[in-house]
Amino acid sequence: MRKILLCLMLILPVLLFSQQNQKASVKELDQLITTCDSLLSTTNYKQLIDVASKGITKTKNNYFLGRFNYFKAYGYEYNNNLYEKAIPFYEKSLAYSKKGKNLKQETVSLMRLNYLYYSTKQFNKRDSLIGYIKKVLDTTKSIYTQAILNGSLGEYYLDQSAYEKFIGYKLKAIDYRKQFPKGDTKNTVNIGISYSQIASAYIKMKQFKKGIEYTNYAKPYLKESPDVTAYLYNDYIKCYVALKSLDSIKKYYNSIYNLVNKNDSLHLNVSSANRYMAEYFIARKEINNASKYAEKAVFYALKSNDDEILMEANVCKGKLEFEQKKYPEAIKTLNLALKHAYEFDKESFIIINKKLSQCYNALGDWKKAYFYQTIYSQQNELMLMESAKQSIANAEGKYQNQYKQEKINTLSTENKLKNLQIENTKKRQIYLGLSFILLLIIASLLFKQSQNRRKTNEKLQLLNQELDQANKTKTRFFSILNHDLRSPVANLIQFLHLQHESPELLDEESKIRLQNKTLVGAENLLSSMEDILLWSKGQMENFEPHPKNVYIKSIFTDTENHFSSNEKIELLFEYADDIQLFTDENYLKTIIRNLTGNAIKALEKTQNPTITWKAWQENNQLHLSVSDNGSGGKQEQFKALYDEKEVVGIKTGLGLHLIRDLAKAINCTITVNSVIDQGTTFTLSF
């Protein structure tokens, strides 16, 4: 008995001391928790990691271990996105929180792991986690847990492109968050983020006005959060890029740069903003502008250490290199983006395969082009089928009008019960159902017949349009041949008639001169015919301009040679040798020849006839003019140059109406100044 009492006396002080030490330890641990909360709110992540590590070494309590492991993981996650280091501590936090029955800590650990498993491409782990999250939601009545985990489930389905489920979960999350106590700044920001994510879903579905609508819902909740506001501005940019509103694009692009500071987390937002700017200019074929923004997108994506952002930046760069016809470079860039595109964004995966197919097609590697085209076709078809199953607008209405729908379902059930009691009504329903099916079959057949008829009519209309275009093209070329070749041929015939019918009027010197003139005229005529025929061959399929840099000197030299057989008229040219013009050479030659031919006709009864061609630049604009000293004319004589309904007879050849059409095709404006008894001047402005 004495031994027992002695043992009790020895043990009792130890028990009392341990109880006092435990209370002091809990107090110390609470103080460390408070310190961690303070460091987290001030974004001092390195020190947060140190304090949390200290807390882990000081306790074996599941509650505190769950909290400290969460703080340490959070510090790694937000300290330059060290996701791989963060995940093990979030997993420990989840395990300890389960043991300690700390539902709130378990909830936030589940939320962060869901995001990080996706970011680090641990998709199997993520799927298992989602299954557990659903079990938690089925068993808890906690408003906080319902708000957080419904939002987390929504993000999971967003990544799977299951937009209807995503919107349903997100709207639930918003509804629960609005039940939180007022004045919680973080909760306010999270409501804004949820609205922003719904906006992103509409953007992915290319419903850009709805995207702007939900971004506007998010904006009031995110006033005090620069990081999240940057994402919001990027959503605005995406919408306005699609709506082609450059002023709005620039507004939000500049707004993102105004938010940038030393915080690395904004690099991915800056990368995205530059990528959207590049996409806008690529769509407009403004390659130089696009190149500048695409390079910035890749630069900031690399600084962000975010694989998804880098993938998206490389997709953009690959598109740009394709437009620049740098096909090997584009293939290399697109293959970099392809590595994880399927897991990150199926739409990007589809675009990459399409562009790779186009690149190999351009390089003549048909086997690889077919391979990537096959992948593109299959995945694109799957996405279209998925889109057809989704009803985004219904998801919104389904949740917001749930109470009304339940009442409708109740009434419907009551009606069905009454109908079951009346046998005759059942028979009528069967007969009506059969009749409806029959009518549906007939309607389907009629609709199919109508569709076939419509397709046939469309094909016939297309063929008629092609035939009409071909006839117009043929008419134009016949008119060009008629007008461009008539004058030189007429001059040659005139020389030949003179030599044949009145040889006595010509001395030996004149004969030699006329023979040489005739030979030169015939050679120039042959050159002009060959020039026109080669042009016509290249224009057989589509009568359209093919612009390139052309020296005015070569155009005027060609014109001078073409009309070299006209001895009676002095043809002058005034220009600088270095003047160039970016236009279609054959269109311009045809216009100049015909204006010159018209001037020659106008000078038939003029003494000392002169035609002068000039070329000059003024206010960064090139002008050409042809002047004659003929009898001039009234403005009505040049009506065909402006009025598309005015038609000139075939005897006048190409005529002013075809000069008008050719000038319009190469963005050339023609003006006329004609003074009676003084002459006429045509001015071409480019």
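Within each chain, residues carry numbers counting from 1 in the order of the written sequence. In keeping with the model being predicted, local features are shown solely for residues with a pLDDT of at least 70 and side-chain atom pairs are shown and tallied solely at 80 or more, while totals for entire chains, interfaces and linings include all residues. Heavy atoms from the whole structure form the basis of all side-chain values; hydrogens and water molecules are not counted.

(A) Structural context of the overall build of the chain. Scanning the chain from N- to C-terminus turns up 26 helices and seven strands. Exposure categories follow from relative accessible area, calculated using a 1.4 Å probe and restricted to protein chains: below 20% of the type maximum is buried, above 50% is exposed, and the middle band is partly exposed. Burial status across the chain gives 42% buried among its 686 residues. Any pair of residues with heavy atoms lying within 4.5 Å of one another is described as a contacting pair. Contacts in the chain between residues at least 24 apart in sequence constitute 63% of all its contacts with a sequence separation of at least 6. For every accessible area listed, the method is Shrake-Rupley and the probe measures 1.4 Å; residues are considered covered only by the protein chains on display. Of the accessible surface of the chain, which amounts to about 40,200 Å², a share of 54% is contributed by carbon and sulfur atoms. Helix numbering and strand numbering both begin at the N terminus, where a helix is a DSSP run of H or I of at least 4 residues and a strand a DSSP run of E of at least 2.

(B) Here's a closer look at the side chain of Ser674. Mapped onto the fold, Ser674 is located in strand 6 (residues 669-675). Residue classification places Ser674 among the buried residues on the basis of a relative accessible area of 16%. Only 2.8 Å separates the side chain of Ser674 from the side chain of Thr680, close enough to count as a polar contact. Discounting residues that sit within four places of it in the chain, Ser674 has contacts with Gly632, Gly633, Phe638, Gly679 and Thr680. Polar contacts, as counted here, are pairs of nitrogen or oxygen atoms within 3.5 Å of one another; within protein the pair requires one atom able to donate a hydrogen and one able to accept it, and residues that are adjacent in sequence qualify only if both atoms are side-chain atoms.

(C) Main features of helix 18 (residues 346-363). A helix is expected to reach a length of 1.5 Å times the quantity of its residues less one. Taking 1.5 Å of rise per residue, the 18 residues of helix 18 would be expected to cover 26 Å, and the 26 Å separating its terminal C-alpha atoms lies within 8% of that figure. If you check which residues of helix 18 are buried, you get Ser348, Phe349, Ile350, Ile352, Asn353, Lys355, Leu356, Ser357, Cys359 and Tyr360. Of the residues one or two after helix 18, Gly364 is the one with positive phi, at around 85°.

(D) Representation of helix 3 (residues 62-78) within the structure. Here helix 3 spans 24 Å end to end across 17 residues, near enough to the 24 Å set by a 1.5 Å rise per residue. With 14 of 17 residues buried, helix 3 is to be regarded as a mostly interior element. A side-chain oxygen of the first residue of helix 3 lies 2.8 Å from the backbone nitrogen of Tyr63; this N-cap is Asn61. Positioned one or two residues after helix 3, Asn80 has a phi angle of 60°, which is positive.

(E) Here's a closer look at the pattern of salt bridges. Between Lys or Arg on one side and Asp or Glu on the other, a salt bridge is scored when a side-chain nitrogen of the former is within 4 Å of a carboxyl oxygen of the latter. Counted under the stated rule, the structure contains 20 salt bridges. Where Lys58 meets Glu28, a salt bridge forms, and the shortest distance between an N and an O atom there is 3.2 Å. One end of the pair, Lys58, is in the loop between helix 2 (45-57) and helix 3; the other, Glu28, is in helix 1 (residues 2-41), with 30 residues separating them in the sequence.

(F) Structural view of a nonpolar patch on the surface. A cluster of nonpolar residues, Ile430, Tyr431, Leu434, Phe436, Ile437, Leu440, Ile441 and Leu445, forms a patch on the protein surface that exposes about 870 Å² of accessible area. Mapped onto the fold, Leu445 is located in helix 22 (residues 423-501). Taking the relative accessible area as the measure of exposure, Leu445 reaches 55% and is therefore exposed. Residues enter patches when their relative accessible area tops 30% and they take part in no salt bridge; the joining distance is 9 Å for like charges and 5 Å for the nonpolar side chains Val, Leu, Ile, Met, Phe, Trp and Tyr.

(G) Representation of the nonpolar core in the model. Among buried residues, the Ala, Val, Leu, Ile, Met, Phe, Trp, Tyr and Cys ones that are joined through side-chain atoms within 4.5 Å form a nonpolar core. Ranked by size, the top nonpolar core spans 85 residues in total, and within it Leu48, Phe71, Tyr90, Ile133, Ile198 and Ile237 carry the most contacts. In this view, Phe71 contacts Ile33, Cys36, Asp37, Leu40, Leu48 and Ala52; residues no more than four positions away in its chain are not counted. Ranked by size, the runner-up nonpolar core spans 36 residues in total, among them Ile555, Phe556, Leu595 and Leu624.

(H) Focus on the packing of aromatic side chains. Classification of ring pairs rests on two measures: the distance between centres of Phe, Tyr or Trp rings, Trp counted by its six-membered ring, which must be within 6.5 Å, and the angle between planes, read as stacked under 30 degrees, edge-to-face over 60 and tilted in between. Evaluation of the coordinates by the stated rule reveals 34 aromatic pairs. Judged by centre distance (6.2 Å) and plane angle (65°), the ring pair of Tyr70 and Phe71 falls under edge-to-face. In this pair, the class of Tyr70 matches that of Phe71, namely buried. Ring centres of Tyr214 and Tyr217 lie 4.9 Å apart, and the angle between their planes is 80°; this geometry places the pair in the edge-to-face category. Here Tyr214 pairs with Tyr217, and both are found in helix 10 (residues 208-218), just three residues apart, close to one helical turn. Looking at Tyr217, the relative accessible area reads 37%, which means it is partly exposed. Following the ring pairs from residue to residue traces out a cluster consisting of Tyr45, Tyr70, Phe71, Tyr74, Tyr78 and Tyr90. For a lysine, the NZ atom is tested; for an arginine, the CZ atom; a charge sits over a ring if that atom is within 6 Å of the ring centre and within 35 degrees of the ring normal. If you follow Lys98 out to its NZ or CZ, it ends over the ring of Tyr132, 4.0 Å from the centre.

(I) Focus on the side chain of Glu308. Here Glu308 lies in helix 15 (residues 307-323). The contacts of Glu308, once residues within four sequence positions are left out, are Tyr118 and Phe344.

(J) Representation of the confidence of the model for the chain within the structure. Every residue is assigned a pLDDT by the predictor, reflecting its confidence on a scale from 0 to 100. Looking at the chain, the pLDDT average stands at 79 and 77% of residues meet or exceed 70. This model gives residues 403-411 a pLDDT under 50, and the stretch forms zero contacts once residues within four places in sequence are excluded. For the stretch residues 650-654, pLDDT sits under 50, and the model shows 13 contacts to residues farther than four places along the chain or on other chains.

(K) Expanded view of the packing of helix 2 against helix 3. Helix axes use the C-alpha atoms of the stretch in contact, all axes being lines fitted to C-alpha atoms, and the angles between their N-to-C directions lie in the range 0 to 180 degrees. At a closest axis distance of 8 Å, the pairing of helix 2 and helix 3 adopts a crossing angle of 155°. As summarised for this structure, helix 2 and helix 3 are arranged roughly antiparallel, according to the angle between their axes. Of the two elements, helix 2 crosses helix 3, and the hand of that crossing is left-handed. From helix 2, Tyr45, Leu48, Ile49, Ala52, Ser53, Gly55 and Ile56 reach across to helix 3, where they touch Leu65, Phe68, Asn69, Phe71, Lys72, Tyr74, Gly75, Tyr76 and Tyr78. All amino acids are sorted into three groups, where Ala, Val, Leu, Ile, Met, Phe, Trp, Tyr, Cys and Pro are nonpolar, Asp, Glu, Lys and Arg are charged, and the leftover types, Gly among them, are polar. When its residues are assigned to classes, the contact of helix 2 with helix 3 shows 11 nonpolar, four polar and one charged. Note on angle classes: values under 35 degrees are labelled roughly parallel, values over 145 roughly antiparallel, values of 65 to 115 roughly perpendicular, and the remainder oblique. Throughout, a crossing is termed right-handed when the near helix is turned clockwise from the far one, and left-handed when it is turned anticlockwise from it by less than a right angle.

(L) Structural detail: the sheet that holds strand 2 (residues 570-574). Within the open sheet, the five strands sit side by side as 2-4-5-7-6. Their pairing is mixed. The outermost strands of the open sheet, each flanked by one partner alone, are strand 2 and strand 6. Going from strand to strand, the sheet's axes swing by 15° on average, the running direction of each strand aside. Being paired, for any two strands, means DSSP has found at least two bridges between them. As defined by bridge partners, strand 4 (residues 610-618) adjoins strand 5 (residues 621-628) across eight bridges and the pair is classed as antiparallel. Note that in strand 5 the partner of Trp616 across the bridge is His623. Relative to strand 2, helix 24 (residues 552-562) is tilted by about 175°, and along the sheet it contacts strand 2, strand 4 and strand 5. Lying over the sheet, helix 25 (residues 585-602) contacts strand 2, strand 4, strand 5 and strand 7 (679-685), oriented at roughly 140° with respect to strand 4.

(M) Local environment of the environment of Phe322. Relative to the elements of secondary structure, Phe322 occurs in helix 15. Among the residues examined, Phe322 registers a relative accessible area of 16% and is labelled buried. Residues Phe322 and Leu356, spaced 34 residues apart in sequence, show a C-alpha to C-alpha distance of 9.1 Å. Not counting residues within four places of it along the chain, the set of residues in contact with Phe322 comprises Tyr327, Ala330, Lys355, Gln358 and Cys359.

(N) Expanded view of the packing of helix 5 (residues 103-119) against helix 7 (residues 143-159). Interhelical geometry of helix 5 versus helix 7 gives an angle of 10° and a closest axis separation of 9 Å. Taken together, helix 5 and helix 7 sit at an angle that is classed as roughly parallel. Between helix 5 and helix 7, the contacting residues are Leu103, Lys104, Thr107, Val108, Leu110, Met111, Asn114 and Tyr118 on the first element and Tyr144, Thr145, Ile148, Leu149, Ser152, Tyr156 and Asp159 on the second.

(O) Structural detail: the environment of Gln379. Positionally, Gln379 belongs in helix 19 (residues 366-389). According to the relative accessible area criterion, Gln379 is buried, its value standing at 18%. In the structure, Gln379 is positioned 30 residues away from Phe349 in sequence and 8.4 Å away in space, judged by C-alpha atoms. With residues near it in sequence (within four places) discarded, Gln379 still touches Tyr342, Phe349 and Ile350.

(P) View of unusual backbone geometry. Even without a glycine there, the phi angle at Lys285 is positive, about 65°. Along the polypeptide, Lys285 turns up in the loop between helix 13 (267-283) and helix 14 (287-304). Taking the relative accessible area as the measure of exposure, Lys285 reaches 55% and is therefore exposed. Phi is positive for Lys325, close to 65°, though the residue is something other than glycine. Residue placement: Lys325 occurs in the loop between helix 15 and helix 16 (327-338).

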